[in-house]
Amino acid sequence: MLQFAFFAISPFTTKMALRMLCSSVLRTGTDIGVSNVRTFGTAAILCRRSAPLGPMPNEDIDYKNLESLEKYRSYTRYLKKAEEAKNTPAWWKTYRQYQEQEDPGHDVERANIGLPHCRPSRVKEARERKRVVKENRCSIELERAMRLRTFKVSLDRVQAGWEETSGPYHVQRLADHYGIFKDLFPMAYFYPRFTLCISYGQDSPAQVHYGNHLTPTEAAVAPRVSFEAEEGSIWTLLLTSPDEHLLDSEGEYVHWLVGNIPGGAVTSGEELCPYLAPIPAKGTGFHRYVYILFRQEETIDFHEDIRPLPCVSLSERSFKTVEFYRKHQDSMTPAGLSFFQSQWDQSVTNTFHNILDMKEPVFEFERPPVYHPPQVKYPHGQPLRYLDRYRDGQEHTYGIY
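Residues numbered from 1 in each chain as written. Predicted model: local features only at pLDDT ≥ 70, side-chain atom pairs only at ≥ 80, totals over all residues. Heavy atoms only, no water.

Caption draft 1: Highlighting the overall build of the protein chain. Along the backbone of the protein chain there are 11 helices and 12 strands. Counting across all 401 residues of the protein chain, residues that qualify as buried make up 29%. (Helix = DSSP H or I, 4+ residues; strand = E, 2+ residues; numbered from the N terminus. Buried < 20%, exposed > 50% of the residue type's maximum accessible area, 1.4 Å probe, protein only.)

Caption draft 2: Highlighting the side chain of H328. Residue position: H328 is located in the loop between α10 (321-327) and β12 (332-342). Exposure remark for H328: the relative accessible area of 8% places this residue in the buried category. Here the side chain of H328 touches D305 through a polar contact of 2.9 Å, side chain to side chain. Sequence-distant contacts of H328, that is, excluding residues within four places in its chain, are made with I300, D301, F302 and D305. (Polar contact = N/O pair within 3.5 Å; in protein donor to acceptor, adjacent residues only side chain to side chain. Contact = heavy atoms within 4.5 Å.)

Caption draft 3: How the structure looks around the pairing of strand β8 (residues 252-262). Along β8, 10 of the 11 residues are buried, which leaves the element largely enclosed by surrounding structure. Here 2 bridges tie β8 to strand β11 (residues 318-319), and the two strands are oriented antiparallel to one another. Its bridge partner being in β11, Y253 is matched across the sheet by S318. Inspection of the sheet shows β8 paired to strand β9 (residues 270-273) by 3 bridges, in the antiparallel sense. The residue bridging G259 from the neighbouring strand is E270, located in β9. (Pairing = 2+ DSSP bridges.)

Caption draft 4: Molecular detail of a nonpolar patch on the surface. A cluster of nonpolar side chains, L53, M56, W91 and W92, forms an exposed patch at the surface whose accessible area comes to about 440 Å². The residue L53 is located in the loop between α2 (36-48) and α3 (75-87) in this model. Classification of L53 by relative accessible area gives exposed; the value is 74%. (Patch = residues over 30% accessible without salt bridge, like charges linked within 9 Å, V, L, I, M, F, W, Y side chains within 5 Å. Areas by Shrake-Rupley, 256 points an atom, 1.4 Å probe, with all protein chains shown as cover. Salt bridge = Lys/Arg side-chain N within 4 Å of Asp/Glu carboxyl O.)

Caption draft 5: Summary view of the confidence of the model for the protein chain. Mean pLDDT over the protein chain: 84, with 84% of residues reaching 70 or higher. This model gives residues 1-9 a pLDDT under 50, and the stretch forms 1 contact once residues within four places in sequence are excluded. Contacts of residues 28-44 to residues separated by more than four positions or lying in other chains number 3 contacts, the stretch itself having pLDDT below 50. (pLDDT = per-residue confidence, 0-100.)

Caption draft 6: How the structure looks around the pairing of β12. When you tally the buried positions in β12, you get 11 out of 11 residues, the bulk of the element. Taken together, the 3 bridges between strand β5 (residues 210-213) and β12 define a ladder with parallel strand orientation. Considered in β12, the bridge of H213 is made with Q341. Bridging between strand β10 (residues 287-296) and β12 involves 10 bridges; their strand directions are antiparallel. Residue pairing across strands places R295 opposite T333, the latter belonging to β12.

Caption draft 7: Quick look at the sheet that holds strand β4 (residues 206-208). Read across the open sheet, the 3 strands follow the order β4-β3-β6; overall the sheet is antiparallel. If you trace the sheet from one side to the other, it starts and ends with β4 and β6 (224-226), each paired once. Neighbour to neighbour, the strand axes of the sheet diverge by 20° on average, direction disregarded. Taken together, the 3 bridges between strand β3 (residues 197-200) and β6 define a ladder with antiparallel strand orientation. Counted as the bridge partner of S199 is R224 from β6. (Axes fitted to C-alpha atoms, helices over the stretch in contact; angles between N-to-C directions.)

Caption draft 8: Spatial organisation of the packing of aromatic side chains. If you walk through the whole model with that rule in mind, you get 19 aromatic pairs. Ring plane angle 50° and centroid distance 6.4 Å describe the contact between Y200 and Y275, whose orientation is recorded as tilted. Residue Y200 is found in strand β3, and its partner Y275 is found in the loop between β9 and β10; the two are separated by 75 residues along the sequence. Residue class for Y200 comes out buried when judged on its relative accessible area of 2%. Accessibility expressed as a relative area gives 16% for Y275, which makes it buried. Consider the rings of Y200 and F340, whose centres lie 6.1 Å apart with planes at 70°: the pair is edge-to-face. (Phe/Tyr/Trp six-rings, centres within 6.5 Å; stacked < 30°, edge-to-face > 60°.)

Caption draft 9: Highlighting the environment of Q346. The topology assignment puts Q346 in helix α11 (residues 346-355). When the C-alpha atoms of Q346 and T217 are compared, they prove to be 8.1 Å apart, with 129 residues separating the residues in sequence.

Caption draft 10: How the structure looks around the nonpolar core. Formed by 28 residues in total, the largest nonpolar core has its most connected members in F185, I292, F294 and L337. Breaking this core down by element, the ones donating at least two residues are α8 (167-177), α9 (180-184), β2 (188-189), β8, β9, β10, α10 and β12. With residues up to four places along the chain from it excluded, the contact list for F294 reads F185, I234, W235, T236, L238, F324, Y325, M332, T333, P334 and A335. In terms of nonpolar packing, the next biggest core, distinct from the first, is built from 24 residues, L115, Y275, Y291 and A335 among them. (Core = buried A, V, L, I, M, F, W, Y, C linked by side-chain atoms within 4.5 Å.)

Here it is, written out as structure tokens:
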């Protein structure tokens with residue numbers, strides 16, 4: 001015989017049970033990563049999402065039944081179809097179109113303002129190559145050196161061959177990499193057909209190449225400059241820095257300007273602006289210093305470009321290479337290029353104070369050294385790395401750890 005028991009349930013107990021049931025359901029959904037509120041919100045957003053502007057690529061292909069698709073059957077047909085798909089206009093923008101929209105002049109063709117390249121006849125090059133090969137085959141000493149593995153290649157001959165063949169093109173690419181043409185000759189470039197040999201110092205000369213690092217101390221005095229020049233030719237040598245100007249972000253400071261140089265004798269030229277050592281301000285990183293050699297068609301009257309001596313004011317040295325070139329572009333052509341980089345050292349302070357007679361600009365915050373309390377011999381309750389802060393100090397470090 002079954003017995004049933006009936007209990008009276010109060011309204012308060014019913015409310016508590018429903019509340020516990022709802023909280024347990026919500027907690028279970030949260031534990032497994034489901035949120036009811038977020039689910040309804042995402043569904044609402046998906047409903048409001050607009051349709052695409054046009055058909056997407058390969059939207060008409062039935063990927064579930066690939067065997068029914070037409071085969072290309074040959075590589076030529078594939079190239080033809082690919083070219084048609086490439087030329088078919090689409091409603092979306094490509095990366096190139098977005099780039100042209102942001103910078104309309106990024107793909108504009110630049111002008112070559114340098115000297116033309118006079119390549120020798122290919123027939124003469126082939127004959128010279130055959131002659132050299134014939135002489136090498138008949139050389140007993142060369143054969144013996146190759147057999148005994150004692151043959152040595154002259155680096156000077158390699159350097160000369162590089163300068164005559166691919167050197168100007170490599171230097172042009174380096175100048176593009178460092179932004180030389182972009183800052184000095186906007187929308188133009190040139191191939192340096194003449195090699196500049198620039199060396200600072202007497203005992204251990206520091207050479208200027210293509211982007212190497214030199215300190216302002218090494219470049220404190222005017223360098224020795226030499227280049228191969230024909231007899232009777234006239235040149236102009238310029239040293240400028242596109243990164244130093246303190247007031248104009250697109251301005252420059254001319255550090256050296258010599259015009260009407262006869263042949264390769266730079267010391268015999270007309271010094272339009274005396275030499276000034278590099279002055280990269282503290283905290284501004286590396287600055288570029290660019291040597292540009294111009295070949296003149298005739299003697300030029302530079303009376304408007306002469307800086308007053310001793311030219312110790314930075315305002316008098318404000319300069320723009322592109323304006324200088326435009327003024328004399330009918331009589332000169334850029335032919336040589338070399339540049340180096342320099343960073344602040346103590347000699348820059350001396351140049352600002354003693355030569356330019358001005359306060360030195362500083363763009364770097366010198367943080368004070370970190371304070372450490374006096375060392376304790378028995379550091380109870382300190383971390384294991386407590387002694388690391390005193391290892392390089394002058395105070396005694398107790399014990400060996």
